[in-house]
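Coordinate analysis (summary)
Each chain is listed here by its residues.
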Protein chains: 4
Amino acid sequence: MIIIMKMGAPREEIDAVMRKVEDEGYKTHPIFGVERTVIGVIGDDREKRPGPFERMPGVERVERVLRPFKLASREFHPHDTVIQLNGHAIGGEQVIVMAGPCAVESRDQMTEVAHAVKEAGATVLRGGAFKPRTSPYSFQGLGEYGLKLLKEAGQAASLPVVTEVLSTRDMPLVREYADILQIGTRNMQNFALLTAAGQTGRPVLLKRGMSNTIEELLMAAEYILAEGNGRIMLCERGIRTFEKYTRFTLDLNAVPLLKQLSHLPVVVDPSQATGKWDLVAPMSKAAVASGADGLIIEVHPNPSDALSDANQQIKPDTFAQLMQDLRVLAPAVGRTI
Amino acid sequence: MIIIMKMGAPREEIDAVMRKVEDEGYKTHPIFGVERTVIGVIGDDREKRPGPFERMPGVERVERVLRPFKLASREFHPHDTVIQLNGHAIGGEQVIVMAGPCAVESRDQMTEVAHAVKEAGATVLRGGAFKPRTSPYSFQGLGEYGLKLLKEAGQAASLPVVTEVLSTRDMPLVREYADILQIGTRNMQNFALLTAAGQTGRPVLLKRGMSNTIEELLMAAEYILAEGNGRIMLCERGIRTFEKYTRFTLDLNAVPLLKQLSHLPVVVDPSQATGKWDLVAPMSKAAVASGADGLIIEVHPNPSDALSDANQQIKPDTFAQLMQDLRVLAPAVGRTI
Amino acid sequence: MIIIMKMGAPREEIDAVMRKVEDEGYKTHPIFGVERTVIGVIGDDREKRPGPFERMPGVERVERVLRPFKLASREFHPHDTVIQLNGHAIGGEQVIVMAGPCAVESRDQMTEVAHAVKEAGATVLRGGAFKPRTSPYSFQGLGEYGLKLLKEAGQAASLPVVTEVLSTRDMPLVREYADILQIGTRNMQNFALLTAAGQTGRPVLLKRGMSNTIEELLMAAEYILAEGNGRIMLCERGIRTFEKYTRFTLDLNAVPLLKQLSHLPVVVDPSQATGKWDLVAPMSKAAVASGADGLIIEVHPNPSDALSDANQQIKPDTFAQLMQDLRVLAPAVGRTI
Amino acid sequence: MIIIMKMGAPREEIDAVMRKVEDEGYKTHPIFGVERTVIGVIGDDREKRPGPFERMPGVERVERVLRPFKLASREFHPHDTVIQLNGHAIGGEQVIVMAGPCAVESRDQMTEVAHAVKEAGATVLRGGAFKPRTSPYSFQGLGEYGLKLLKEAGQAASLPVVTEVLSTRDMPLVREYADILQIGTRNMQNFALLTAAGQTGRPVLLKRGMSNTIEELLMAAEYILAEGNGRIMLCERGIRTFEKYTRFTLDLNAVPLLKQLSHLPVVVDPSQATGKWDLVAPMSKAAVASGADGLIIEVHPNPSDALSDANQQIKPDTFAQLMQDLRVLAPAVGRTI
């Protein structure tokens, strides 16, 4: 931590800050500059908010030196985390594709989709049974029955399943069915849920909050890691900006950045991000080209009749075509699919 | 709902869309314009996402006509909601001030603060026992013991208390102590929690998500209202923007807008919004001048030693001075304090 | 400047960075921490971008210590700048109100408005003759004829005038007519225009770019100050965020922040910011309560027929009522109007 | 245009709105819905702001039906615009790569870079002679001498050149040297400059404003097109968001969207967008995979000594490696390079 004093802060104020820093168990290292004094604070300050010092007389502001995440960082864990699942390695050479409908709606829908995406080359089946909806009047998902249909379809097609868990209350139920637990964008800072997901030991697909920074995403992963669960996929799914033509702004810059800062695999969700089915294919390709370890794509047998997010789901044949295109693209960036 | 067809969309496509609209139980009303056809959809479409139609051939986009919220809207409930609490009316002529520390830390701290804010004119005591923290290494709150200290201090000073509930799991516990349940910014779209809060019948202080629109805030209120609980205060607490000098950007425009769109009282949190103690006073005054029905302000006996958000809490004497200033200001906008 | 080295950066890399810093004429001051080394750079680094050092092997990132603005800062100019204009002091006790139509449209319109706002208590007349419009098909302003009408109306009502200058090409013309030169939000980083405005010596109303930070606004002022022109009013006029119910988000937090960081007067434009005429009054009051030194408000005799921004202009009688309300409010925050 | 009336708006108000619409030369088409009346307005309303009607009694809001751009739209110009330049076709099968330093600094620098990027496969040489800088204390470019050096280096390497023009004042000078005129992000809504660029007939690289929507970018192109100049490249270069780890957020979603909405070629600038040299390669690949027609990349022989933007420029050998990677990637998405 670096404490920047105000211009002309008198010696007593500088001394008072240094005393307080030392009282808290850190070493100080003042630098007397031309215009102002800067106090270097030596020690691991990850648990310390810069606030307390900012309030002291003569202090202008405080800058942190250390990134606040540790277990999620590549510095402390240089090698890539690879998650083994059903014979596939997530975070290795292969780009993993998770596909399926936004929401589980019926047995027929799930059976049809599961076989279609399996045949096209998907490695995980997705489907929501508990749906977070902006409006209380919208379809909220089939709940446990949805989980059963999802699991059944996954087993029939030999695909592990990923599904969202919305609250700690549902965790025991969802973990019975889910091979991968999804923490959605609205829950990225639901810390009780993160802790509960950490305790299951189950692989977690952790979606970036729609208005959360990359640093906050890594801090959310830190909550899960702190429970001893390192099987985490970080998922970029679009952030909120002023642009209105897309539902969110898919921030692909996050992909290479997360790969630099962290050892965890990175997955991209072009369906949720863009909210437009005809942007899913180009953004999937862009995601793979940017270095993503996986994709999660919404596929529905008949999107126009979907009970949620109709506009962003693609049809099985569009998905099959995309997978074919990705099989051509992936080797051009040193990956398989 | 208005369905805007693409330029040159052929008659068959227009007919297909109209048939589908009618199949869903709405009436259609086409307008054949110069460049394109527009189809008016007649009926209450609040439960219908525009998606399905956007996917049909020839459709360019869909615009909703109705605001998606109903119970929270002034159209359906023209008169101001006034919440009675402990002899005070929230949403009436008086501007209500809730004050207290960010986090409950100790009995001494709470006793000191409770009496100080009471004496200065606060009408509700605030204090967090369950704290949502970006880092798992930060102080997470005292939990139930914190609730007890809060309640005890509130009773000693004859102040009702407001405190945050972080998850459905904690709801039964928190509702035992809280006179007002606070739903925090990170949980504004935690729909299970909203529903649970609705079921308690307890007054709810619903904070705007840091990246949620005003419409989404009203939809979150709609979840609580749908459970039969109309005792909701909407709280503007800063949104996330590109500006870095403040922690968030306090969006005071939301105050008069929410008062137009909804009948619910509106409270402003200048402490969380700005993250800077020396902006709390000017933004509190601005909030009252903009028409806010209440304020929630962080007050700590010794901010430099605070276990969380040290930089945004004000001291009891600064708070007393602010209350005095507000007592001068409020009548100038037709309010009391 | 503080250079933060990577964890485990070897001694040679640290030495190389220090050599380069010293080669550039600064003194170095290394701090060897627990996890990493930090190098303090002593000297005025305002002209130095942190870039060059960030590229060196072993460097993780660079943090600046000094704010990049100097002439605009309160540190180097502690006393408030007060701009004398036509017997009024901008930046003093009185809150200055500039009012008039978005665009100059006709002699009748200007005469009517000028007298109305004068009578209601405005101290400056506004009106655009060169209009920046998103669409080339929209009304672009009356140009020089508009300037003439504006000036004529201002003289008839004994009001100085403020009007926007869009390009260096128009500067000689506009400065002939304008008592205050307005630099609009789209031109805040039109550096040639800033320099030209600086050279006129004329008072400048500098509007914050709709996506510019407070720091960038002060840097834009620095361009004008660097030409020897210190008669600058900083104007908050709304920033671009994800919120869609308002045209922009008026960031009133900027008012007290700018007053802390700078000695320049601060003006607020609630008309442009909100884009809604019925938010102008509450946000004007909030602006004054937050500490603004002035307001600029769009007033049109018949907004429904306005050639631009019809939705945000208020009528003369609404303006008169607002002025009356502000005359009650201002003393409550220690100001006059 | 669709005018949505308030719930319960009386017949007189509806009639008044309809009369006004008809007075302005449009046809009306009312739809009497369950909760409210909607008035369809028939006619080309591109030149009409929705404002005037929004002010009328009983009107809730106004929604536009037509996109406001016309000449830039694919609807009115279905076939791709292909710009011929120096034997290359921009907007055709080949992905065009423009490369060179952020700023022209010296003859040696330009000669070295020009040959290096030519050899690696670039088709246009970039270099700034007039630099828009946030701080007046930063290097502002070499001006005309810089233009000469750029042109000279381009000719020696047989590369056409692209360079930024900052103001109408400089236009005659810059057009003498530039094969492509660049309008920078801070000038996207400098309408005088857009018009002047349109009048030159020269190809224009139009960068998206850092806080401008895709629609506003197309409206800016419309200004140039309205002058009869259709040789425009739209350039995505990052938008301003809350994320702080990157300088801007490169919005690749804009690429397929712009290709859908418009016939103009789309270029991506990963250097300016990310502000980090080590993100340039992954984001360049992602841009090509998303469908970009071109890239503009900052290459400097010795970035650590660069006079501007040192942190985002790549070295010639990194650029050569990237070009090699892109030559492998491009065919996988049906392009050459």
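Residues numbered from 1 in each chain as written. Chains lettered and ligands numbered in written order. Predicted model: local features only at pLDDT ≥ 70, side-chain atom pairs only at ≥ 80, totals over all residues. Heavy atoms only, no water.

Considerations on the overall build of chain A
Rules: For helices the rule is a DSSP run of H or I covering at least 4 residues; for strands it is a run of E covering at least 2, with both sets numbered from the N terminus onward. Residue contacts are counted whenever heavy atoms from the two residues lie within 4.5 Å of one another. The Shrake-Rupley method, run with a 1.4 Å probe, gives the accessible areas here. Residue values count only the displayed protein chains as cover. A residue counts as positive if it is Lys or Arg and as negative if it is Asp or Glu; His and the chain ends are not included. Here the site of a charge means NZ on Lys, CZ on Arg, CG on Asp, or CD on Glu.
Looking only at helices and strands, chain A has 11 helices and 14 strands in total. If one aligns the C-alpha atoms of chain A with their principal axes, the spans along those axes are about 75 × 45 × 40 Å. The long-range share in chain A, meaning contacts at least 24 apart out of those at least 6 apart in sequence, stands at 67%. For chain A, the accessible surface area stands at approximately 10,400 Å², while carbon and sulfur atoms represent 48% of it. Distance from the positive charge centre (39 side chains) to the negative charge centre (41 side chains) of chain A: 1 Å.

A look at the interface of chain B and chain A
Our working definition: Buried area is a sum: the accessible area each of two parts loses on coming together, probed at 1.4 Å, counted once for each and added. Here a salt bridge means any side-chain nitrogen of Lys or Arg lying within 4 Å of a carboxyl oxygen belonging to Asp or Glu.
The interface of chain B with chain A comprises 48 residues on the first partner and 48 residues on the second. For the pair chain B and chain A, the summed buried surface comes to about 4,200 Å²; carbon and sulfur atoms form 49% of the total. For the interface between chain B and chain A, the tally reads 4 salt bridges. Of the charged contacts in the structure, one is a salt bridge between D305 of chain B and K20 of chain A, with a shortest N-O distance of 3.1 Å.

Observations concerning the relation of the copies chain D and chain B
Heads up, the rule is: To superpose the copies, least squares is applied to the C-alpha atoms of every residue with a pLDDT of at least 70 in both.
Under the fitted operation, chain D is carried onto chain B by 0.0 Å of movement along the axis and a turn of 180°, and the coordinates agree to an RMSD of 0.0 Å. Interpreted geometrically, this transformation is the action of a two-fold axis. Residues of chain D ranked by C-alpha distance from the rotation axis are headed by F242 of chain D, positioned 2.2 Å from it. A symmetric contact is evident, with 100% of the interface residues of chain D recurring at the interface of chain B.

So, helix α6 (residues 191-200) of chain A
All names here are of chain A. What counts, and what does not: Residue burial is assigned from relative accessible area. The probe radius is 1.4 Å, only protein chains are included, and a residue is buried under 20% of its type maximum, exposed over 50%, and partly exposed in between.
Of all 10 residues that make up α6, 9 are buried, and the element is covered over most of its length. All of the buried residues in α6 are F191, A192, L193, L194, T195, A196, A197, G198 and T200. Against the buried residues of α6 lie α5 (171-177), β10 (180-183), β11 (204-207) and α7 (214-225). Two residues or fewer after α6 comes G201, characterised by a positive phi angle close to 75°.

Considering helix α4 (residues 144-156) of chain A
An α-helical turn contains 3.6 residues, so a residue and the one three or four places further along point in the same direction. Residues and elements named next belong to chain A. Put simply, the test is: One less than the number of residues in a helix, times 1.5 Å, gives the span that helix is expected to have.
With 13 residues, α4 ought to run about 18 Å at 1.5 Å a step, and its terminal C-alpha atoms sit 18 Å apart, in line with that. Of all the residues in α4, the buried ones are G146, L147, L149, L150, K151, A153 and G154. Elements that come into contact with the buried residues of α4 comprise α3 (107-120), β8 (124-126), β9 (161-164) and α5. Looking at the residues trailing α4, positive phi occurs at S158, about 55°.

Focus on the environment of P303 of chain B
Residue and element names in this part refer to chain B. Inspection of the secondary structure assignment puts P303 in the loop between β14 (294-298) and α11 (316-329). Classification of P303 by relative accessible area gives buried; the value is 1%. For the pair P303 and Q313, spaced 10 residues apart in sequence, the C-alpha to C-alpha distance is 5.9 Å.

Some words on the interface of chain D and chain B
For an interface, size is often stated in terms of accessible area lost upon the parts coming together. This is how the line gets drawn: Each polar contact in these results corresponds to two N or O atoms within 3.5 Å; when the atoms are within protein, one needs to be able to donate a hydrogen and the other to accept it, and residues that are neighboring in sequence are counted only if both atoms are side-chain atoms. Basically, the charged four are Asp, Glu, Lys and Arg, the nonpolar ten are Ala, Val, Leu, Ile, Met, Phe, Trp, Tyr, Cys and Pro, and anything else, Gly included, counts as polar.
Of the residues lining the interface, 31 residues belong to chain D; the matching set on chain B comes to 31 residues. In this assembly, chain D and chain B are joined by 4 salt bridges. Residues E60 of chain B and R67 of chain D are paired through a salt bridge, measuring 3.7 Å at the closest nitrogen-oxygen approach. Where chain D packs against chain B, one counts 5 residue pairs in polar contact (both at pLDDT 80 or more). Looking at the side of chain D that touches chain B, the elements that each hand over two or more residues are β1 (2-5), β2 (27-32), β3 (37-42) and β4 (59-63) of chain D. When residues in the side of chain D that touches chain B are grouped by element, the largest group, 4 residues, is from β2 of chain D. Of the residues contributing to the side of chain D that touches chain B, the split by class is 13 nonpolar, 5 polar and 13 charged.

Some thoughts on the pairing of β4 of chain D
Within a regular strand, the side chains alternate between the two sheet faces. Residue and element names in this part refer to chain D. Short version of the rule: Any two strands with at least two DSSP-identified bridges between them are counted as paired.
In terms of burial, β4 is a largely internal element, 5 of the 5 residues being buried. Relative to β4, β1 is paired through 4 bridges, and the arrangement is antiparallel. Pairing of I4 across the sheet is with R61, part of β4.

Describing the pattern of salt bridges
Summed over all chains, the structure comprises 92 salt bridges over all chains. Of the charged contacts in the structure, one is a salt bridge between E75 of chain C and R36 of chain A, with a shortest N-O distance of 2.9 Å. Here R36 of chain A lies in the loop between β2 (27-32) and β3 (37-42) and E75 of chain C lies in the loop between β4 (59-63) and β5 (83-85), a pairing that spans two chains. As a salt-bridge pair, R208 of chain B and E243 of chain C come within 2.9 Å of each other at their nearest N and O atoms. With R208 of chain B in the loop between β11 (204-207) and α7 (214-225) and E243 of chain C in the loop between β12 (232-236) and α8 (254-261), the pair connects residues from two separate chains.

No statement about biological role is implied by the geometric values presented.
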